[in-house]
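Residue-level structure breakdown
If you want the building blocks of each chain, they are given just below.
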There are 2 protein chains.
Amino acid sequence: MQVILLSGGSGKRLWPLSNDVRSKQFIKIFKTGENQYESMVQRVYRQIRTIDADAKVTIATSKSQVSSIHNQLGDGAVGISVEPCRRDTFPAIALATAYLHDVMGVGLDEAVVVCPVDPYVEDDYFAALKDLSDLAEKGVANLTLMGIEPTYPSEKYGYIIPEGKEKVSKVKTFKEKPTVDVAKDYISQGALWNGGVFAYKLRYVLDRAHELIDFDDYQDLFSKYETLKKISFDYAVVEHEDSIAVMRFAGQWKDLGTWNTLTEAMTEPTMGKAILNENCEDVNVINELNVPVLCMGLKSVIVSASAEGILVSDKEQSSYIKPFVDGIDQQIMFAEKSWGDYHVLDVDPGSMTVKVMIKAGHSMNYHSHAHRNEVWTIISGTGHTVVDGMQQTVRPGDVITIMAGCKHTVFADTDLSILEVQLGENIQVSDKTKHEL
Amino acid sequence: MQVILLSGGSGKRLWPLSNDVRSKQFIKIFKTGENQYESMVQRVYRQIRTIDADAKVTIATSKSQVSSIHNQLGDGAVGISVEPCRRDTFPAIALATAYLHDVMGVGLDEAVVVCPVDPYVEDDYFAALKDLSDLAEKGVANLTLMGIEPTYPSEKYGYIIPEGKEKVSKVKTFKEKPTVDVAKDYISQGALWNGGVFAYKLRYVLDRAHELIDFDDYQDLFSKYETLKKISFDYAVVEHEDSIAVMRFAGQWKDLGTWNTLTEAMTEPTMGKAILNENCEDVNVINELNVPVLCMGLKSVIVSASAEGILVSDKEQSSYIKPFVDGIDQQIMFAEKSWGDYHVLDVDPGSMTVKVMIKAGHSMNYHSHAHRNEVWTIISGTGHTVVDGMQQTVRPGDVITIMAGCKHTVFADTDLSILEVQLGENIQVSDKTKHEL
């Protein structure tokens, strides 16, 4: 089975754990063992491989997520179709489909399944994905969708109205998010939730793409991606297609887009250092800080603390977080990179202190800063630095002083932690020039 | 007027703002102007001086609070009777009284008023203190207490039952903390709350002290302080005294010992970076961190965040915090010293990163560590370091490496910030040997 996982969004709804550089799908929140947690993307990938050990997974995503995908799934485990910029789902699916054909060598008659990266589901969902792939391969329709049996008349989802009540039937029509009463009416007609999952023969989407976009192949599409107009797959393709089938799925399906639904999926009420007194009811704490959170007498509350900030919210209210987070102008305090990660420890006028961890075998880019000096103190591990071409081995306690304009990098022999003090009147993340080593 | 302020307790009830090294009375929580806050001790001292510009204030406290008192009230503004260790209120009051006589030259017939350092009151309370001092000076009784007119039948306070209903009358008896029903009965008899305020002629307590403790003078009492037994002033003195008067006080009086009562005294609902959505009711946030706290849909909740931890508590429940805080084994992350302050930024096996600020004109002790190396990076300010006798001027970007065993200190010419990386297998605050410079 060929699966395209759509991994988008900045996930501000899960602030302070997610932010502009860390999307919700990479937060390790699902317990798999003693002090062992996996992220949404790790969970979904694991589940796909459980159902189909030969499944080929391609993640359609932005450049900013590539490091996290490699870190969490390993190098080369999945294909990555990198969108040069955000252009909605039709360009993203067209690009990933061209990538499958031109880069991965997938045949025109092979089936492809498209699925969001963040459903919270059990293995039966992925077995259904396989069935969907088989239906597409058999050619029951140009597009075959998964329709999820509704468990309540939700206002949050789009609805698919099938022609019949069979397991697989033709689609009569699609309906936008309705009111509760209208949703009840849809459900009485046998309507299903649209969970954004569908399968097709590769040729079908490639043809649609060539009809709507003037391009030669994957490389050409990639290079002109910024010029494409933003349009969803629904508007560009689904609305104009008559040959659409839907397959019913009656298993568990949760959309973990908000704190409220996310905490329902936690197997234990707290993660990280947390103390709840006996008068707490329905309280979840997710604490990434190194100091304890003490909760007393709270009811239906979520507490989440990270280097970016602290959320304390009534569970119901937590779905309305986005406009408040949009209003927060907080410097990025934590980022995961292909070579390791960094934490901002302290910000002062004229200085910033950052803890940098470089994974064994990795290195930074060779780079320089125009407007700041840096002092590095090696905290743990061994490696070697290069400063203006001069190489030096480093171990704990060693200090490297890097004046503005100096080209520098560090190679980690073992996992290497560095305390970096940045000094200057104008410290900016953008003040960075890359050089050839 | 001579006032002894009793400044005790570690104030765990106000965790995470108070801890073993920062007592509640030093938390700057009362707004006095735009971004201007004062602490309980600053507020009380200011109020005393408003009522009596000539008042002499002596603070009876432990060594750990001396730096904070100097920092907050200025050098020499108050006398400080330092208790070498904690020995309950009778030894503390005896020592402070001997200090007044032998060090400050207060006469045997002068009146002394003893008052806790943390009442949240208006100026009329201190006017009453002055009246109490005058009554003691006139000799209406050996001990003259302030009795606070109860506003409700509290179970939290001790009660004083006076003989009559006059402004000043003899005390009939004292009652321990009662149940609500018993408290109602006491109040119907004209009972008053015991707020721990009383006045006496200096000679009276000095005589009691000599009766109960074998000592010559202040220095002698100070030197044998550790050998004294723990006993409260009530048990040692009040219970055996027949000549006790009480003066009624009907003004505002609040005991700010818990988060619940403390937040009632806040003039604005939040302090520090905080965002409350429109569905929050009766919510207070006190945030000392540099990242925002976002609260949504909370009712009657206190959120407090510091480098030590995060408290999220229902207001009622917040008075039951102590056993939970006792159970937290959190390293001290922040401390105020006579020479400045320090913040722990990061703790790792084998290293600890600390930001140290030294005030202009101050310096650390000349000291060495047996089991750790240190690397200092100057972040801001100027000064000079001494390392094994060798002096060096320092400015931002300079790095000083101090190997285990090296004697070292730094003098600040201007306010000086240093990023200190401690490196070693066994990093302990206690690993410190002082030396003569």
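Cut-off values and rules
- Residues numbered from 1 in each chain as written.
- Chains lettered and ligands numbered in written order.
- Predicted model: local features only at pLDDT ≥ 70, side-chain atom pairs only at ≥ 80, totals over all residues.
- Heavy atoms only, no water.
- Pairing = 2+ DSSP bridges.
- Helix = DSSP H or I, 4+ residues; strand = E, 2+ residues; numbered from the N terminus.
- Axes fitted to C-alpha atoms, helices over the stretch in contact; angles between N-to-C directions.
- Contact = heavy atoms within 4.5 Å.
- Buried area = accessible area lost by both parts, 1.4 Å probe.
- Salt bridge = Lys/Arg side-chain N within 4 Å of Asp/Glu carboxyl O.
- Polar contact = N/O pair within 3.5 Å; in protein donor to acceptor, adjacent residues only side chain to side chain.
- pLDDT = per-residue confidence, 0-100.
- Buried < 20%, exposed > 50% of the residue type's maximum accessible area, 1.4 Å probe, protein only.
- Parallel < 35°, antiparallel > 145°, perpendicular 65-115°, else oblique.
- Left-handed = near helix turned anticlockwise from the far one by under 90°.
- Nonpolar A, V, L, I, M, F, W, Y, C, P; charged D, E, K, R; others polar.

**Observations concerning the sheet that holds strand E21 (residues 340–348) of chain B**
Residue and element names in this part refer to chain B.
- Taken together, the six strands give an open sheet; going across it, the order is E20-E21-E22-E29-E24-E27, and neighbouring strands pair in antiparallel fashion. Each edge of the open sheet is held by one strand with a lone partner, namely strand E20 (334–337) and strand E27 (399–402). Across the sheet, the mean angle from the axis of one strand to that of its neighbour is 20°, orientation sign disregarded.
- Bridge analysis of strand E22 (residues 351–358) against strand E29 (residues 416–423) gives eight bridges, and the strand direction is antiparallel. When the sheet's bridge partners are listed, Val-354 is paired in E29 with Glu-420.

**Notes on the interface of chain A and chain B**
- At the interface, 52 residues of chain A touch 51 residues of chain B.
- It is Leu-294, Met-296 and Ile-310 of chain A that lose the most area in chain A upon contact with chain B, and together they represent 17% of the buried surface on that side.
- Remark: the boundary between chain A and chain B carries four salt bridges.
- With a closest N to O distance of 2.7 Å, Asp-348 of chain A and Lys-355 of chain B form a salt bridge.
- For the pair chain A and chain B, the interface holds 18 residue pairs in polar contact (both at pLDDT 80 or more).
- The element best represented in the side of chain A that touches chain B is strand E19 (residues 309–314) of chain A, accounting for six residues.
- Two strands pair when backbone bridges link them, and E19 of chain A and strand E17 (residues 293–296) of chain B are joined in this way by four bridges, in the parallel orientation.

**Focus on the confidence of the model for chain A**
- The share of residues in chain A with pLDDT of 70 or more is 99%, and the mean pLDDT across the chain is 93.
- Interface confidence in the predicted complex, given as ipTM, is 0.84; pTM for the same model is 0.84.

**Focus: the pattern of salt bridges**
- Using the criterion set out here, one finds 34 salt bridges over all chains in the structure.
- For the salt bridge of Arg-248 of chain B with Glu-149 of chain B, the shortest nitrogen-to-oxygen distance reads 3.2 Å. With Arg-248 of chain B in strand E12 (residues 244–249) and Glu-149 of chain B in the loop between strand E8 (143–148) and strand E9 (159–162), this residue pair connects regions lying 99 residues apart in the sequence.
- When its relative accessible area of 13% is taken as the criterion, Arg-248 of chain B is described as buried.
- The exposure class of Glu-149 of chain B is partly exposed, given its relative accessible area of 30%.
- Within the structure, one salt-bridge network assembled from shared partners comprises Lys-12, Lys-322 and Asp-326 of chain A.

**Thoughts on the packing of helix H1 (residues 40–51) of chain A against helix H4 (residues 123–138) of chain A**
Residue and element names in this part refer to chain A.
- Packing of H1 against H4 brings their axes to within 9 Å, and their N-to-C directions diverge by 60°. If you check the angle between H1 and H4, you find them oblique. In the crossing of H1 with H4, the sense of the turn from one axis to the other is right-handed. Contact residues: H1 offers Val-44, Gln-47, Ile-48, Thr-50 and Ile-51, while H4 offers Asp-123, Phe-126, Ala-127 and Lys-130.
- For the contact of H1 with H4, the class distribution of residues is five nonpolar, two polar and two charged.

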